[in-house]
Amino acid sequence: MSDPSLFASPLVRQAARNLHTVEWLSENNTWRSTWFCRRYFWRTRRMMAVTPDEAAAWLPALAFAVSCEEDAGVLAEFARQPLPEPLPPEARPWRAALIRSWEWQRVATPWGKTIRLAALVRLDRRAERLPEWLAEARRALDLAPGNRHLRLAALAGWRPRPGDDPPHGDKAEAAQAWVRFWEERYRTPGSELEGLIAATALLHLAEAGWLPSGPSPERLREEFRQRVQQWPASYHKGSVLRMLLASVPAGSPSPEQQDITGWMELTRKDVDWEKREAVWGMLAAWQREGVLERCGISLVPDLARTLEWERDRWVLLTMAGYIPGAVEVSAHPEAARAVVARWEILSRSSYWETRSAAWMARWNLRRAGVLTAEEQGRFGSDYVEAIGAENDRDILLALVQIQPPGTFPLAIWTRRLSDQDDQCRLAARLAIHGWLVEVMEGASGEWRVASGSSLPATRCSLLVTHRRQVRQVLRRAGQEGTDAGTVAPFVNLPPEVWPDFRRLREIETALAAGQMPPPPDAGKGKRKRMGHLTTLARLPESHPRTGPPGITAK
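Residues numbered from 1 in each chain as written. Predicted model: local features only at pLDDT ≥ 70, side-chain atom pairs only at ≥ 80, totals over all residues. Heavy atoms only, no water.

Draft legend 1. Fine view of the overall build of the chain. When you go through the chain residue by residue, the secondary structure sums to 29 helices and two strands. For the chain, buried positions account for 58% of its 554 residues. Only carbon and sulfur atoms are counted for the fraction: they give 52% of the accessible area of the chain, which is about 23,300 Å². (Helix = DSSP H or I, 4+ residues; strand = E, 2+ residues; numbered from the N terminus. Buried < 20%, exposed > 50% of the residue type's maximum accessible area, 1.4 Å probe, protein only. Areas by Shrake-Rupley, 256 points an atom, 1.4 Å probe, with all protein chains shown as cover.)

Listed below in structure tokens is the structure:
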């Protein structure tokens, strides 16, 4: 029988690379012991512009990460990761694996359980699970107000799947009970906040046609916006608001200009930052889903004006996710250039949170094709300067993930292996890891050719060059060199990378067959794997002796 990985699709190969990267990170002591490092890595991933296939390719890695995680703050970031709709057919088993990881996740705190439920409600939209969600909603009423509001907000995000009509027969009772529960909270809420939560739940049901005799979607949308506008925000309530607004975009039909204008009123300077952040998040999601473009609505001028005065780090990070489309840029060229220029300035801010948001925005604008040739040139030169000089560990970890195309700056990243800071060294290792995997992928691409083929002379020369660079990096990391060998016909790689090559093929084979791969050390004790990568990961935690997780080209 032929090896499925030989015929793996680009989506499967990318998913294998992503999972391979997260497995490698999970073996690093700095990664395991630093929860905010993990959270910031996944926050960067969430804010990056990706195609639906690219988002789907992260599902296996996300399932693995959820199964390993114990920190509630990191789990909350997992619950907000993008989920493509519709899902590519070959990625459906990966979503099922992610659902299993969340179901097996054992969290002890009320907040941890709320995160778990929020993720499951978002992932599994089958009506068959309504009895379970209803039982959780009723139990939530017995919690203290803060936990009760968060738990109800998580459950209110449930939406029927597209095309799912209200259940009939035996399944109808649970669906009707779910509707009645939220109608009661809507008519006689225990608080103003619970009324807003109930309005959100009913809005999802109304848009799916599950409220034939209830309030119309139009009325609920307008009432929802008015409640948000009148409601005083706070940090705790801001978490509830963010959760509610994040559930609205995907299910909302095309809004009217008047509706958008009303929401934009909530992004003004005199509005609480919690509201500004949540509303920009919702508007950015609407833009990514093409809702605004279908309505002929562009917020590029508003974005340019807001960037002139906005200083809040969380609002700026959310605004970085608003990515103008080609139609918007052509309709408002001056505003688009002002947006690019402002993000360039902010990427040199003295505040690390602002620099981080600006780099995310610049990457997203580049991916969207918004940058001119001159602006792309500045992005490349600024990037090279930043990875050499940036001293903030979180930004350096973000820069690893937004590597622009072109020659990989191996010398700079190799030099940063000597940084005093553990997390800065981890970022350098991660960057080199991504480059080495690309070398292996290039080699395996030639391995996939029919047996008996010969490689072009230029390709052989490139592999020899890469092989020499790999060995130089290994020596820099303290790995003693060994004799070269052959991994497969016509493909020369240093023997240090063979374990990685085999593990990458193992992951590809499993994913191509619609399965998750076995754990790296399953059935083999604590086998030595990852070759050079474990060496890079396990450098001395004191001062050492001496492209990023890839995304498919758009």
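Draft legend 2. Just helix α9 (residues 130-140), in detail. Turning to α9, its buried residues are Leu130, Trp133, Leu134, Glu136, Ala137 and Ala140. In a view along the axis of α9, the buried residues occupy a sector of 160°, so they form one face of it. Those residues of α9 hidden inside the fold are in contact with α8 (110-123), α10 (145-156) and α11 (172-187). (Arc of directions from axis to C-beta. Contact = heavy atoms within 4.5 Å.)

Draft legend 3. Layout of the pattern of salt bridges. One pass over the full model with this rule turns up 37 salt bridges. A salt bridge links Arg227 to Glu223; the nearest nitrogen and oxygen atoms lie 2.8 Å apart. Taken together, the positions of Arg227 and Glu223, both in helix α13 (residues 217-230) and four residues apart, correspond to about one turn of that helix. Judged by relative accessible area, Arg227 falls into the partly exposed class, the value being 22%. On the basis of relative accessibility, which here comes to 16%, the residue Glu223 falls in the buried class. Arg337 is the partner of Glu375 in a salt bridge, and the nearest nitrogen-oxygen pair spans 2.8 Å. With Glu375 in helix α23 (residues 373-389) and Arg337 in helix α21 (residues 333-346), this residue pair connects regions lying 38 residues apart in the sequence. (Salt bridge = Lys/Arg side-chain N within 4 Å of Asp/Glu carboxyl O.)

Draft legend 4. Spatial organisation of the confidence of the model for the chain. In this model, the chain carries a mean pLDDT of 82, and residues with pLDDT of at least 70 account for 80%. Confidence drops under a pLDDT of 50 for residues 446-465, and excluding neighbours within four residues, the segment shows 22 contacts in the predicted structure. Segment residues 523-554: pLDDT under 50, and 100 contacts once partners within four positions in sequence are set aside and those in other chains are kept. (pLDDT = per-residue confidence, 0-100.)

Draft legend 5. Structural view of the packing of helix α12 (residues 192-207) against α13. Viewed as axis vectors pointing N to C, α12 and α13 meet at an angle of 155°, and their least axial separation amounts to 9 Å. Judged by the inter-axis angle, α12 sits roughly antiparallel to α13. Along this stretch, α12 crosses α13, giving a crossing that reads as left-handed. Here Glu192, Gly195, Leu196, Ala199, Thr200, Leu202, Leu203, Ala206 and Glu207 of α12 come into contact with α13, specifically with Pro217, Leu220, Arg221, Phe224, Arg227, Val228 and Gln230. Residue composition of the contact of α12 with α13, grouped by class: nine nonpolar, three polar and four charged. (Axes fitted to C-alpha atoms, helices over the stretch in contact; angles between N-to-C directions. Parallel < 35°, antiparallel > 145°, perpendicular 65-115°, else oblique. Left-handed = near helix turned anticlockwise from the far one by under 90°. Nonpolar A, V, L, I, M, F, W, Y, C, P; charged D, E, K, R; others polar.)

Draft legend 6. Region of the structure containing empty space enclosed by the protein. A volume near 100 Å³ is recorded for the largest cavity. Trp42, Arg45, Val50, Ala55, Trp58, Leu59, Leu62, Gln81 and Pro82 are the residues that line the largest cavity. For the lining of the largest cavity, the elements supplying multiple residues, two or more each, are α3 (35-47) and α5 (59-68). Taken as a whole, the second largest cavity spans an internal volume of roughly 70 Å³. The wall of the second largest cavity is formed by Tyr40, Arg43, Arg313, Trp314, Leu317, Trp352, Glu353 and Ser356. Split into classes, the residues belonging to the lining of the second largest cavity amount to four nonpolar, one polar and three charged. (1 Å grid on protein atoms, 1.4 Å probe; cavity = no way out; pocket = protein on both sides within 12 Å on 5 of 7 lines; lining within 4 Å. Points joined across faces, edges and corners; volume = space filled by probe spheres on them.)

Draft legend 7. Spotlight on the packing of aromatic side chains. This model, assessed by the stated rule, comprises 17 aromatic pairs. With centroids separated by 5.4 Å and ring planes inclined at 85°, the aromatic side chains of Phe41 and Trp42 adopt a geometry described as edge-to-face. Trp42 shares its class with Phe41; the two are buried. By way of ring pairs, the aromatic residues Trp31, Phe41, Trp42, Trp58 and Phe78 are connected into one cluster. A cation over a ring is seen here: Arg185 above Phe181, with NZ or CZ 5.1 Å from the ring centre. (Phe/Tyr/Trp six-rings, centres within 6.5 Å; stacked < 30°, edge-to-face > 60°. Lys NZ or Arg CZ within 6 Å of the ring centre and 35° of its normal.)

Draft legend 8. The arrangement of the environment of Leu241 in detail. Along the chain, Leu241 falls in helix α14 (residues 235-247). Taking the relative accessible area as the measure of exposure, Leu241 reaches 0% and is therefore buried. With 37 residues separating them in the primary sequence, Leu241 and Ala278 have C-alpha atoms 6.6 Å apart. The contacts of Leu241, once residues within four sequence positions are left out, are Val228, Trp231, Glu274, Lys275 and Ala278.

Draft legend 9. Fine view of the packing of α3 against helix α24 (residues 393-401). For the pair α3 and α24, the least separation of the axes is 10 Å and the interaxial angle reads 40°. The orientation of α3 with respect to α24, classified from their angle, is oblique. α3 and α24 meet at a crossing whose hand is right-handed. Contact with α3, carried on its side by Phe36, Cys37, Tyr40, Phe41, Thr44 and Arg45, involves Arg393, Asp394, Ile395, Leu397, Ala398 and Gln401 of α24 and no other residues of that element. Of the residues contributing to the contact of α3 with α24, the split by class is seven nonpolar, two polar and three charged.

Draft legend 10. Geometry of the state of the cysteines. By the definition in use, this model includes zero disulfides. Residue Cys37 stays outside any disulfide, its sulfur separated by 9.9 Å from that of Cys424, the closest cysteine. (Disulfide = S-S within 2.5 Å.)

Draft legend 11. Summary view of the environment of Ile507. With respect to the helices, strands and loops of the structure, Ile507 is situated in helix α28 (residues 498-512). Spatially, the C-alpha atoms of Ile507 and Arg13 are 8.9 Å apart, while their sequence positions differ by 494 residues. When neighbours within four sequence positions are excluded, Ile507 is seen to be in contact with Ala16, Leu19, His20, Glu23 and Pro517.

Draft legend 12. Spatial organisation of the environment of Ala199. Mapped onto the secondary structure, Ala199 falls in helix α12. In this structure Ala199 comes out as buried when scored by relative accessible area, which is 0%. Here Ala199 is in contact with Tyr186 and Leu220, once residues within four sequence places are set aside.

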